[in-house]
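Here are the chains, one letter per residue:
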Amino acid sequence: AVAAPRGRGADADVDARAARLGDATPLHLAAAVGAEAAASELLVAYAGPFDGRADVSAPMAGGIQPLHLAAWSGAAGLVKELLRERAPAGARTDAGLTALDVAALSGQAACVALLLKAGGGAAAGDAPLTALHCAALHGGAESVRAIVDAVPSLALTRAAGGVLPTHCCALADDADGLAALLAAGADADAADDDGLTPLHLAAYAGHHGVVRALLAA
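Residues numbered from 1 in each chain as written. Predicted model: local features only at pLDDT ≥ 70, side-chain atom pairs only at ≥ 80, totals over all residues. Heavy atoms only, no water.

(A) Examining the overall build of the chain more closely. Broken down by element type, the chain carries 13 helices and zero strands. Of the contacts formed within the chain by residues at least 6 apart in sequence, a portion of 65% connects residues at least 24 apart. Total accessible area computed for the chain in this model is approximately 10000 Å², and 55% of it derives from carbon and sulfur atoms. (Helix = DSSP H or I, 4+ residues; strand = E, 2+ residues; numbered from the N terminus. Contact = heavy atoms within 4.5 Å. Areas by Shrake-Rupley, 256 points an atom, 1.4 Å probe, with all protein chains shown as cover.)

Following this line, the structure appears as C-alpha cells:
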C-alpha cells in the first residue's frame, strides 16, 4: 500500500474510504477517473521508503494497478508519467489483462501507442483474449493497426473457442480494422471452434460494410 503523505494527516479520511474500495489507494482512484493533476500530486507526496517514489505497482482487489486504471480511463499523460516512474508495463491483473489489453478494450488509442512503445505485453499471454482481440472487439481500427504492426502474428492468434481477431472485427462492425488484419495475413474464411466464420457473424449482426469487405476478400 502507498504510505501516508508526510504532513497531510487530513488525508486519513481519503485512505479510509479507499480501503473500503477493495484496497484501492488514492492513486488508484485518481487514475480510475483520469484525474491526471491529482495523480501527479500523489506521485510527489506519497514518498516510498527507498527511492522517494510512490508505490506505482501497488495492486488493489483483482490485482489491478494504477497503470491499468489510467489506461482504462484514457489518461495518456498519467500513463506516460507512471511508466516514467517505472510502473511495470507488462503487469497482469488476476484476470490476466495487461494495461495494454485494458487500453485496447476501452478504445484508448493514445494509451495503446504508449504501452506498445513501452513493451506492454502485446504478445499472447494467459488472458482469454490478446490485446489485438480487445482492440478488435471495441471496433478501434487505430489500435488494431498499431498492435498488428507491432506484433503481426497476433492476427493469427486464436482466443478461447478458436475466436480470431477477424471474428471480433466482424462483431464490432469494423471494416477498417478487418482490412488491417487481412493485410497482415489473416484468413477471411477461418472458422472458430463452432464452425463460424467472420462472415457468419457479420451477416447475423447485419453489418453490411463488413459483409461486403469479407465477400471481396
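Still more ground to cover, so stick around.
(B) Broad picture of the packing of helix H4 (residues 66-73) against helix H5 (residues 76-84). Relative orientation of the contacting elements H4 and H5 amounts to 160 degrees, with a least axis distance of 8 Å. On the basis of the axis angle, H4 is roughly antiparallel to H5. The crossing of H4 and H5 is left-handed. For the pair formed by H4 and H5, the contact residues are Pro-66, Leu-67, Ala-70 and Ala-71 on the first element and Leu-78, Val-79, Leu-82 and Leu-83 on the second. Partitioned by chemical class, the residues of the contact of H4 with H5 number eight nonpolar, no polar and no charged. (Axes fitted to C-alpha atoms, helices over the stretch in contact; angles between N-to-C directions. Parallel < 35°, antiparallel > 145°, perpendicular 65-115°, else oblique. Left-handed = near helix turned anticlockwise from the far one by under 90°. Nonpolar A, V, L, I, M, F, W, Y, C, P; charged D, E, K, R; others polar.)

(C) Structural context of the packing of helix H10 (residues 165-172) against helix H11 (residues 175-183). One way to put it is that H10 packs onto H11 with a least axis distance of 8 Å and a crossing angle of 165 degrees. On the basis of the axis angle, H10 is roughly antiparallel to H11. Crossing geometry of H10 relative to H11 is assigned as left-handed. The segment H10 lies against H11, with Pro-165, Thr-166 and Cys-169 engaging Gly-177, Leu-178 and Leu-181. Of the residues assigned to the contact of H10 with H11, the class counts are four nonpolar, two polar and no charged.

(D) Inspection of H5 at higher detail. The complete set of buried residues in H5 reads Ala-76, Leu-78, Val-79, Glu-81 and Leu-82. Turning to H5, the residues buried within the fold contact helix H2 (26-32), helix H3 (36-45), H4 and helix H7 (109-117). Positive phi appears at Arg-86, one or two residues downstream of H5, with a value of about 70 degrees. (Buried < 20%, exposed > 50% of the residue type's maximum accessible area, 1.4 Å probe, protein only.)

(E) Structural context of the side chain of Ser-143. When you line up the elements, Ser-143 lands in helix H9 (residues 141-150). With residues up to four places along the chain from it excluded, the contact list for Ser-143 reads Gln-108, Ala-109, Val-112 and Ala-135.

(F) Spotlight on the environment of Leu-43. Mapping Leu-43 onto the fold places it in helix H3. Under the relative-accessibility criterion, Leu-43 is labelled buried at 6%. Sequence spacing of Leu-43 and Asp-55 is 12 residues, and the spatial spacing of their C-alpha atoms is 8.3 Å.

(G) Expanded view of the side chain of Asp-101. Position of Asp-101 relative to the elements: it lies in helix H6 (residues 99-105). Polar side-chain contacts of Asp-101 include one of 3.2 Å to the backbone nitrogen of Ala-131. Contacts of Asp-101, omitting those with residues within four sequence positions, involve Arg-92, Gly-96, Thr-130, Ala-131 and Cys-134. (Polar contact = N/O pair within 3.5 Å; in protein donor to acceptor, adjacent residues only side chain to side chain.)

(H) Up close: the pattern of salt bridges. For the structure on display, the rule yields one salt bridge. Between Arg-92 and Asp-101 there is a salt bridge, with its nearest N and O atoms 3.8 Å apart. (Salt bridge = Lys/Arg side-chain N within 4 Å of Asp/Glu carboxyl O.)

(I) View of the environment of Ala-135. Inspection of the secondary structure assignment puts Ala-135 in helix H8 (residues 131-138). With 31 residues separating them in the primary sequence, Ala-135 and Ala-104 have C-alpha atoms 4.4 Å apart.

(J) Region of interest: H9. Residues of H9 that are buried include every one of Ala-141, Ser-143, Val-144, Ile-147 and Val-148, and no others. Mapping the buried residues of H9 onto a view down its axis gives an arc of 155 degrees, with all of them on the same face. Facing away from the buried surface of H9 by more than 90 degrees, the exposed residues are Glu-142 and Asp-149. In this fold, the buried residues of H9 make contact with H6, H7, H8 and H11. (Arc of directions from axis to C-beta.)

This is a description of form; function is not addressed.
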